[in-house]
Number of protein chains: 2
Amino acid sequence: MIGSGNVSTHLAAALKNAGHRIIQVFSPNIGHASLLAYHVGAEAIDDIRHINAETDLYIIAVKDSAIADVAKQLAGHQRFMVHTSGATDLQVLLDVTSQAGVFYPLQTFSKEKELDFRTVPLCIEGADEAIAKLLIELGQTISNNIYPVDSVQRKILHLSAVFACNFPNYLYYVAQKLLAKNELDFNLLKPLIMETAEKVQRQFPAVVQTGPAVRKDEQTMSAHLQLLEDDVFLQTLYQLLSEGVMKMEKN
Amino acid sequence: MIGSGNVSTHLAAALKNAGHRIIQVFSPNIGHASLLAYHVGAEAIDDIRHINAETDLYIIAVKDSAIADVAKQLAGHQRFMVHTSGATDLQVLLDVTSQAGVFYPLQTFSKEKELDFRTVPLCIEGADEAIAKLLIELGQTISNNIYPVDSVQRKILHLSAVFACNFPNYLYYVAQKLLAKNELDFNLLKPLIMETAEKVQRQFPAVVQTGPAVRKDEQTMSAHLQLLEDDVFLQTLYQLLSEGVMKMEKN
């Protein structure tokens, strides 16, 4: 396991729990490597030259900008390798080996929060059909949701995930800060946040949209803009998002 | 119950289930009034002049712009009345009677989806302390989350709810459309949407933020903008939201 961040932590635990053996955990920070290695019964290393040359699979779960560099350092071993990135082309690995694939778990991982890996959609791509088949089989040992996805589709998925996860979380933050500024408890909004996410599990977002913008309730929207008058950034954001809501198509 | 929309439907059912008696349901559309009246064992009316003058409480759950007008039409009876709006001042009712309050359920309601009303935060305001106390007691019969909230705070809450619910739902829509355009299944994003909402039930949004913007990963952000090159609106939205994420404060 190359890397010791959020993805590595959850993926290594899931693989270990499914009966696979994690041989080593590499991180340039030996403390980070050791922590994860301890949890999954592996050896911690902080020098990539000490990597085990005989392992079945290198899982490169590092930040996107470091993937190519790591792959080059592993090239000499000519072992099977995958990366776990939504935004990175398979080609980055194909540049150094034909034994390459992608193993992209479409979820937001935090070290502080456990989750059931079997529900995580795993997007899989292989350099050829045999590799794809192998990765699908590996994937099925840890997740019930395996999707073959090529590099072009995976980039769209990653972009969509930013809209469906990172940006909504930012908007929760905006709401929480507005409440805090007015001495109101963020707990007030938590049931609403859950229900909003639950609704789209069964219906399309356009069908369940509520609020002033979808009703074209100009009076409420201008009252809201007035409440935001000390924050031009949030006013602009409110207007742009409301514009988007007003343009939503139901089908 | 004045109104037969999403809020009326859920509120009337919760009151009925708690043992209260709904006398009448009013809607200018008799079909809508009849449907809800049937479910809660009430009389349906479509002429507000036929309203029962002896009822304990008029619950005005109509669109914001109609509240003042409805209140005026009920003024002659001088009975206790509340509205259920997040964005409307109590004063709108005080203009016609001193027996007034607010009973604002902070949730996104759809007629198609049931929910447990006991989890819904109920924001309560009364024209005086005695009324507030009465409404709190009524609220406690249907919800475990009662919050006394004045008109100024309630407007902030309503604005925050737009950021925490309506806008995230719009972003789910954007993601779903991006997937559809590329023949990808919206199901792929559903676990991510749930997990994003679940994370902030226990931690502040700033602590659990993930994605390219919070990592200041310029390479991925510009790749995303390129994927959106046929949609200037979404490009602008992506940039503005990313800017917001980059400015997030952890405390």
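Residues numbered from 1 in each chain as written. Chains lettered and ligands numbered in written order. Predicted model: local features only at pLDDT ≥ 70, side-chain atom pairs only at ≥ 80, totals over all residues. Heavy atoms only, no water.

A word on helix α9 (residues 218-227) of chain B. Listed in full, the buried residues belonging to α9(B) are B:T220, B:M221, B:H224 and B:L225. Seen along its axis, α9(B) keeps its buried residues to an arc of 140 degrees; they face one direction. The exposed residues of α9(B) that point more than 90 degrees off its buried face are B:E218, B:Q219 and B:Q226. On its buried face, α9(B) is in contact with α3 (64-74) and α6 (151-181) of chain A together with α10 (232-246) of chain B. (Buried < 20%, exposed > 50% of the residue type's maximum accessible area, 1.4 Å probe, protein only. Helix = DSSP H or I, 4+ residues; strand = E, 2+ residues; numbered from the N terminus. Arc of directions from axis to C-beta. Contact = heavy atoms within 4.5 Å.)

Attention now moves to the sheet that holds strand β7 (residues 145-148) of chain B. Residue and element names in this part refer to chain B. On the basis of which strands lie adjacent, the open sheet formed by five strands has the order β3-β4-β5-β6-β7 and mixed pairing. Each end of this open sheet is capped by a strand with a single partner; those strands are β3 (57-60) and β7. With direction set aside, neighbouring strand axes in the sheet form an average angle of 25 degrees. Along the sheet face, helix α6 (residues 151-181) touches β4 (80-83), β5 (100-105), β6 (121-126) and β7 and points at about 20 degrees away from the line of β5. (Pairing = 2+ DSSP bridges. Axes fitted to C-alpha atoms, helices over the stretch in contact; angles between N-to-C directions.)

So, on to the side chain of B:Q107. For B:Q107, the location among the structural elements is in the loop between β5 and β6. Judged by its relative accessible area of 11%, B:Q107 is buried. A polar atom in the side chain of B:Q107 sits 3.3 Å from the backbone oxygen of A:P191. Contact partners of B:Q107, with chain neighbours within four places excluded, come to A:P191, A:L192, A:E195, B:L115 and B:V120. (Polar contact = N/O pair within 3.5 Å; in protein donor to acceptor, adjacent residues only side chain to side chain.)

Time to look at the packing of α6(B) against α10(B). The description of two helices packed together rests on the angle between their axes and the distance between the axes. Residue and element names in this part refer to chain B. Contact pair α6 / α10: the axes reach a minimum separation of 13 Å and the direction vectors enclose 130 degrees. Considered as vectors, α6 and α10 are oriented oblique to each other. In terms of crossing hand, the pair formed by α6 and α10 is left-handed. The segment α6 lies against α10, with Y170, L171 and V174 engaging F233, L234, L237 and L241. Of the residues that constitute the contact of α6 with α10, the class distribution is seven nonpolar, no polar and no charged. (Parallel < 35°, antiparallel > 145°, perpendicular 65-115°, else oblique. Left-handed = near helix turned anticlockwise from the far one by under 90°. Nonpolar A, V, L, I, M, F, W, Y, C, P; charged D, E, K, R; others polar.)

What follows concerns the nonpolar core. Among the nonpolar cores identified, the biggest contains 124 residues, and A:F163, A:Y170, B:F163 and B:Y170 are the most heavily contacted of them. In this structure, B:F163 is in contact with A:L171, A:V174, A:A175, A:L178, A:L228, A:L234, A:L237, A:Y238 and B:P168, ignoring residues within four places of it in sequence. (Core = buried A, V, L, I, M, F, W, Y, C linked by side-chain atoms within 4.5 Å.)

This next bit is on the relation of the copies chain B and chain A. The two copies are related by a screw motion: chain B maps onto chain A through a turn of 180 degrees and a shift of 0.0 Å along the axis, at an RMSD of 0.0 Å. In the structure described here, the two chain copies are related by an operation that fits a two-fold rotation axis. Closest approach to the rotation axis within chain B is made by the C-alpha atom of B:P168, at a distance of 2.4 Å. By residue overlap, the copies meet face to face through one surface: 100% of the interface positions of chain B are interface positions in chain A. (Least-squares fit on C-alpha atoms with pLDDT ≥ 70 in both.)

Residues and elements named next belong to chain A. Under the counting rule described, the total for this entry stands at twelve salt bridges over all chains. A salt bridge links D47 to R49, with the nearest nitrogen and oxygen atoms 2.8 Å apart. Taking the relative accessible area as the measure of exposure, D47 reaches 18% and is therefore buried. Residue R49 is classed as exposed on the basis of its relative accessible area, which comes to 71%. (Salt bridge = Lys/Arg side-chain N within 4 Å of Asp/Glu carboxyl O.)

Time to look at the interface of chain B and chain A. One widely used convention gives an interface's size as the accessible area the parts lose upon coming together. Counting from both sides, the interface comprises 90 residues of chain B and, opposite them, 90 residues of chain A. Regarding the contact of chain B and chain A, the summed buried area is about 8800 Å², with carbon and sulfur atoms giving 70% of it. Linking chain B with chain A are zero salt bridges. Scanning the region where chain B abuts chain A turns up 23 residue pairs in polar contact (both at pLDDT 80 or more). Mapped by element, the contributors of at least two residues to the side of chain B that touches chain A are α3 (64-74), β6, α6, α7 (190-199), α8 (205-208), α9 and α10 of chain B. Split into classes, the residues belonging to the side of chain B that touches chain A amount to 50 nonpolar, 26 polar and 14 charged. (Buried area = accessible area lost by both parts, 1.4 Å probe.)

We now examine the sheet that holds strand β3 (residues 57-60) of chain A. Residues and elements named next belong to chain A. One open sheet holds the five strands; their spatial order is β3-β4-β5-β6-β7, and the pairing between them is mixed. Two strands bound the open sheet, and with one partner strand each, they are β3 and β7 (145-148). Each strand axis lies, on average, 25 degrees off the axis of its neighbour in the sheet, ignoring direction. Inspection of the sheet shows strand β4 (residues 80-83) paired to strand β5 (residues 100-105) by three bridges, in the parallel sense. The residue bridging H83 from the neighbouring strand is V102, located in β5.

What follows deals with the environment of A:K190. Inspection of the secondary structure assignment puts A:K190 in helix α7 (residues 190-199). Classification of A:K190 as buried rests on a relative accessible area of 15%. Spatially, the C-alpha atom of A:K190 lies 9.4 Å from that of A:Y172, the residues being 18 residues apart in sequence. Here A:K190 is in contact with B:V200 and B:Q201, once residues within four sequence places are set aside. A polar atom in the side chain of A:K190 sits 3.1 Å from the backbone oxygen of B:Q201.

Right, let's get into the pairing of β5(B). Residue and element names in this part refer to chain B. Counting buried positions over the six residues of β5 gives six, a clear majority of the element. Judged by which residues are buried, β5 turns out to be covered on both faces: A100, V102 and Y104 on one side and G101, F103 and P105 on the other are all buried. In the sheet, β5 pairs with β6 via five bridges, with the strands oriented antiparallel. In the sheet register, P105 faces β6, and the bridge partner there is L122.

You can see B:R154 is positioned in helix α6. If near-sequence neighbours (up to four positions away) are discounted, B:R154 is found in contact with B:H83, B:S85, B:G86, B:T88, B:D89, B:L90, B:V102, B:Y104, B:E125 and B:V149.

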